[in-house]
Amino acid sequence: MNINSKFFCKKNLNLKNTYNKDFGISKESKRIKIRRKGMSGKIVRMNRIFKADGKTVIVALDHGQFQGPIVGIADIQTTLKNVKCGQADAVILNPGAIQDNAQILGGNLAVLCRITGASTNYSPSFDYHRLISSVRNAISLGADGVVVMGFIGGSGENQSLELLGRIAEDCSVAGVPLIAEMLPQSPDHFTDPKFISLGVRVAYELGADIVKVYYTDEDSFSQVINSAKIPVVIAGGPKGKDALETAKEAIELGAKGVAYGRNVFQAEDQADYVRKLVELVHS
Ligand code: 5RP
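Note that the structure is a prediction, hence the values are computed from the model and not measured. (Residues numbered from 1 in each chain as written. Predicted model: local features only at pLDDT ≥ 70, side-chain atom pairs only at ≥ 80, totals over all residues. Heavy atoms only, no water.)

## What to know about the packing of helix 6 (residues 76-85) against helix 14 (residues 270-282)
Then, number 1: Taken N-terminus to C-terminus, the directions of helix 6 and helix 14 make an angle of 35°; their axes are 7 Å apart at the nearest point. Crossing of helix 6 over helix 14 shows right-handed handedness. Residues Thr 78, Thr 79, Asn 82, Val 83 and Cys 85 of helix 6 pack against Gln 270, Ala 271, Val 274 and Arg 275 of helix 14.
Then, number 2: Taken together, the residues that form the contact of helix 6 with helix 14 break down as four nonpolar, four polar and one charged. (Axes fitted to C-alpha atoms, helices over the stretch in contact; angles between N-to-C directions. Helix = DSSP H or I, 4+ residues; strand = E, 2+ residues; numbered from the N terminus. Left-handed = near helix turned anticlockwise from the far one by under 90°. Contact = heavy atoms within 4.5 Å. Nonpolar A, V, L, I, M, F, W, Y, C, P; charged D, E, K, R; others polar.)

## Brief notes about the sheet that holds strand 8 (residues 210-214)
Then, number 1: Sheet architecture is closed into a barrel: eight strands sit in the order 1-2-3-6-7-8-9-10, paired in parallel fashion. The average undirected angle you get between the axes of adjacent strands in this sheet is 25°.
Then, number 2: Here strand 6 (residues 145-152) pairs with strand 7 (residues 178-184) via seven bridges, running parallel. Residue pairing for strand 7: Val 148 is matched across the bridge by Ala 180. (Pairing = 2+ DSSP bridges.)

## Comments concerning the pairing of strand 1 (residues 56-60)
Then, number 1: Of all the five residues making up strand 1, five are buried; the element is thus mostly covered by neighbouring parts of the structure.
Then, number 2: Side-chain alternation along strand 1 places Thr 56, Ile 58 and Ala 60 on one buried face and Val 57 and Val 59 on a second face that is also buried.
Then, number 3: As defined by bridge partners, strand 1 adjoins strand 10 (residues 257-260) across four bridges and the pair is classed as parallel. Looking at strand 10, one finds that Val 57 is bridged to Val 258.
Then, number 4: The pairing of strand 1 with strand 2 (residues 90-93) spans three bridges and is parallel. (Buried < 20%, exposed > 50% of the residue type's maximum accessible area, 1.4 Å probe, protein only.)

## Some points on the confidence of the model for the chain
Then, number 1: When pLDDT is averaged across the chain, the result is 89; 87% of the residues are at 70 or more.
Then, number 2: This model gives residues 1-35 a pLDDT under 50, and the stretch forms 40 contacts once residues within four places in sequence are excluded. (pLDDT = per-residue confidence, 0-100.)

## A look at helix 12 (residues 243-252)
Then, number 1: Burial in helix 12 covers these residues: Ala 243, Ala 247, Ala 250 and Ile 251. Angular distribution of buried residues about the axis of helix 12 spans 95°; they occupy a single face of the element. Opposite the buried face of helix 12, by more than 90 degrees, sit the exposed residues Glu 245 and Glu 252. (Arc of directions from axis to C-beta.)

## Description of the pattern of salt bridges
Then, number 1: All chains considered together, the criterion is met by eleven salt bridges.
Then, number 2: Asp 209 is paired through a salt bridge with Lys 42; the nearest N and O atoms lie 2.8 Å apart. With Asp 209 in the loop between helix 10 (193-206) and strand 8 and Lys 42 in helix 4 (residues 36-49), this residue pair connects regions lying 167 residues apart in the sequence.
Then, number 3: Between Arg 114 and Asp 62 there is a salt bridge whose closest N-O contact spans 2.4 Å. Within this pair, whereas Arg 114 is found in strand 3 (residues 110-114), its partner Asp 62 is found in the loop between strand 1 and helix 5 (64-67), the two being separated by 52 residues in sequence. Like Asp 62, Arg 114 is buried. (Salt bridge = Lys/Arg side-chain N within 4 Å of Asp/Glu carboxyl O.)

## Some thoughts on the side chain of Asp 144
Then, number 1: Here Asp 144 shows up in the loop between helix 8 (135-141) and strand 6.
Then, number 2: Residue Asp 144 is classed as buried on the basis of its relative accessible area, which comes to 6%.
Then, number 3: Side chain to side chain, Asp 144 and Arg 48 meet in a polar contact 2.7 Å long.
Then, number 4: Residues contacting Asp 144, with those up to four places away along its chain left out, are Arg 45, Arg 48, Ile 49, Ala 110, Val 111, Leu 112 and Pro 177. (Polar contact = N/O pair within 3.5 Å; in protein donor to acceptor, adjacent residues only side chain to side chain.)

Here you go:
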């Protein structure tokens, strides 16, 4: 490589460490150095999930564990190929789907493994997520991060937040980023800023590296973002025509990306929808 091509690389690929730069762990104290082994794993994996601009387009394809073979993911292999073709940055999958589609994954497409669940649409206790896998298994499957549900309010809160904290511990030891999906237990509070802000803060306090929440609204979302110093990505919800608009607004207000599921895989052209998200998030 000559000097010019080196310069080209630095200038165009922004080889500075995104995770260090944007999320505030570059100034290591002596205490942090003690945990350096685990931290380097987190940094490397965070840099797979987030692009050089510190943002990410995640496509959630984990619905089968809760909703079965719904439209758009019944043939998950084709969907995965389309998502990859649209150049998403990461996908959320359950362990079995990772195992079965390993040949499509990796490369520029980071893999986030959901490790909680055990509660389907037919369950009487939708807010009781249990551990269905482990950080260790996620690593052996090739995952770059794990996704864990954290319920706010409701009778499952204690158990789900305890689980989140315990998994955060495993993730620190293993150097694996933890994505906490913080969901108010009652649908009445799904986009309530008080619940969402609290969820973001709880995720941070328990050791999550990324938090995934529903978008609230233009007036309150900055407050959500400022609730903690970890990147916030927004979840999509049911297919709706304003999901791209919502993504744009959320990014402008400080979200670091999207983690959209049905809006992508139930779109007429899955790859094209991903491309639109990529353009909007990374512009
Ligand atoms: C599905 C999930 C998804 O990861 C999340 O809700 C995003 O998907 P969607 O945009 O379809 O809501 O938890 O069970």
